[in-house]
Amino acid sequence: MKRSVLLWGTLLVVMMIAAAVYVTGHYSLSDAEAGVAPPTAKATEDRASEFTLEDLNGNHVSLRELRGRNVYINFWASWCKYCKKEMPDMKNIYEQYQEKDLIILTVNVGENREKAASYLQDNGYPFRAVLDPDKKIAMKYGITSIPVSVFVDRKGNIVKKRVGAMKEAEMRAILDPMINS
């Protein structure tokens, strides 16, 4: 009895090791999938998906209209605690970069105009916000959680897509090379 339990246990361990070796040898995560940020930002050939959304005043804003400018797109919602942690640093970036070639465009995901406008106004956030109430643009960009920041260069290429809250220094590390190029 003891011998068969020991044999089956050994066989199970060997099978688990073989499966781990197979998976490790055949699958790997890219840095982007693993959430690893590169030390500096470089433009890629990934085009930013075009979209047109309404801003808080009912005006249409399209990404195509912003071509020729660096664009920092941030997907957020007022209920998101990590968005709340990130927005003060975004405000600092907005204030320090507003004279540079940068547009900060926040995309409110799934909320109505009143909720988004109230949150931004109550907290003194000056950046332009557009509404994605049905989450179509978030889905188009593969957004499954928020906040997510997408940095788009003057040519419309995605330089970096970052999932999760960012600190001001992380934002600068991506923005400075974009603006200075």
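Scroll up a little and you will see the structure.
Residues numbered from 1 in each chain as written. Predicted model: local features only at pLDDT ≥ 70, side-chain atom pairs only at ≥ 80, totals over all residues. Heavy atoms only, no water.

## Considering the sheet that holds strand 3 (residues 70-76)
Part 1: Spatial strand order, 2-1-5-4-3-6-7: 7 strands in an open sheet with mixed pairing. Single-partner strands in this sheet number two, and they are strand 2 (60-62) and strand 7 (158-163). The sheet shows a mean angle of 30 degrees between the axes of neighbouring strands, taken without regard to direction.
Part 2: Both strand 3 and strand 4 (residues 102-109) contribute to a ladder of 7 bridges, which runs parallel. (Pairing = 2+ DSSP bridges. Helix = DSSP H or I, 4+ residues; strand = E, 2+ residues; numbered from the N terminus. Axes fitted to C-alpha atoms, helices over the stretch in contact; angles between N-to-C directions.)

## Examining unusual backbone geometry
Backbone geometry follows two general trends: most residues other than glycine have a negative phi, and most peptide bonds adopt the trans configuration.
Part 1: That bond from Ile146 to Pro147 is cis: its omega, 0 degrees, falls within 30 degrees of zero.
Part 2: Mapped onto the elements of the fold, Pro147 is located in the loop between helix 5 (136-140) and strand 6 (148-152).
Part 3: You will see that Lys135, though not glycine, has its phi angle at about 65 degrees, which is positive.
Part 4: Looking at where Lys135 falls in the secondary structure, it is placed in the loop between strand 5 (128-132) and helix 5.

## So, the nonpolar core
Part 1: Counting 48 residues, the largest nonpolar core has Tyr72, Ile73, Phe75, Tyr141 and Leu175 as its most contacted members.
Part 2: Setting aside chain neighbours within four positions, we find Tyr141 in contact with Ala48, Ser49, Phe51, Leu63, Ile73, Phe75, Val150, Ile158 and Lys161. (Core = buried A, V, L, I, M, F, W, Y, C linked by side-chain atoms within 4.5 Å. Buried < 20%, exposed > 50% of the residue type's maximum accessible area, 1.4 Å probe, protein only. Contact = heavy atoms within 4.5 Å.)

## Focus: the pattern of salt bridges
Part 1: Taken as a whole and judged by the stated rule, the model has 8 salt bridges.
Part 2: For Arg128, the salt bridge goes to Asp55, with nearest N and O atoms at 3.3 Å. In this pair, Arg128 sits in strand 5 while Asp55 sits in strand 1 (residues 52-55), placing the two residues 73 residues apart along the sequence.
Part 3: Between Lys136 and Asp134 there is a salt bridge; the shortest N-O distance is 3.9 Å.
Part 4: On the accessibility criterion, Asp134 (44% relative accessible area) is partly exposed.
Part 5: Overlapping salt bridges, with partners in common, bring together Arg69, Asp101 and Arg154 in one network. (Salt bridge = Lys/Arg side-chain N within 4 Å of Asp/Glu carboxyl O.)

## Digging into the side chain of Asn108
Part 1: Position of Asn108 among the secondary structure elements: in strand 4.
Part 2: A polar contact is formed between the side chain of Asn108 and the side chain of Glu111, at a distance of 2.8 Å.
Part 3: Beyond its immediate stretch of four places on either side in the chain, Asn108 contacts Trp76, Ala77, Ser78, Ala116, Val130, Leu131 and Asp132. (Polar contact = N/O pair within 3.5 Å; in protein donor to acceptor, adjacent residues only side chain to side chain.)

## Let's talk about the packing of helix 3 (residues 81-97) against helix 6 (residues 168-179)
Part 1: Taken N-terminus to C-terminus, the directions of helix 3 and helix 6 make an angle of 35 degrees; their axes are 10 Å apart at the nearest point. Crossing angle aside, the handedness with which helix 3 passes helix 6 is right-handed. On the side of helix 3, the interface is formed by Glu86, Asp89, Met90, Asn92, Ile93, Gln96 and Tyr97, while helix 6 contributes Glu168, Met171, Arg172, Leu175, Asp176 and Ile179.
Part 2: Of the residues contributing to the contact of helix 3 with helix 6, the split by class is 6 nonpolar, 2 polar and 5 charged. (Left-handed = near helix turned anticlockwise from the far one by under 90°. Nonpolar A, V, L, I, M, F, W, Y, C, P; charged D, E, K, R; others polar.)

## Considerations on the pairing of strand 4
Regular strands show a simple pattern: their side chains alternate between the two faces of the sheet.
Part 1: Along strand 4, 7 of the 8 residues are buried, which leaves the element largely enclosed by surrounding structure.
Part 2: Remark: the strand 3/helix 3/strand 4 crossover connection has right-handed handedness.
Part 3: Here 5 bridges tie strand 4 to strand 5, and the two strands are oriented parallel to one another. Bridging from a neighbouring strand, Thr106 pairs with Ala129 of strand 5.
Part 4: In the classification by handedness, the crossover that spans strand 4, the intervening helix 4 (residues 113-123) and the parallel strand 5 is right-handed. (Right-handed = clockwise from strand over helix to strand, strands pointing away.)

## Quick word on empty space enclosed by the protein
Part 1: What the rule picks out here adds up to 1 cavity of 30 Å³ or more.
Part 2: For the largest cavity, the full set of lining residues is Glu50, Leu63, Leu66, Arg67, Arg69, Val71, Val152, Asp153 and Gly156.
Part 3: Of the residues in the lining of the largest cavity, the class split is 4 nonpolar, 1 polar and 4 charged. (1 Å grid on protein atoms, 1.4 Å probe; cavity = no way out; pocket = protein on both sides within 12 Å on 5 of 7 lines; lining within 4 Å. Points joined across faces, edges and corners; volume = space filled by probe spheres on them.)

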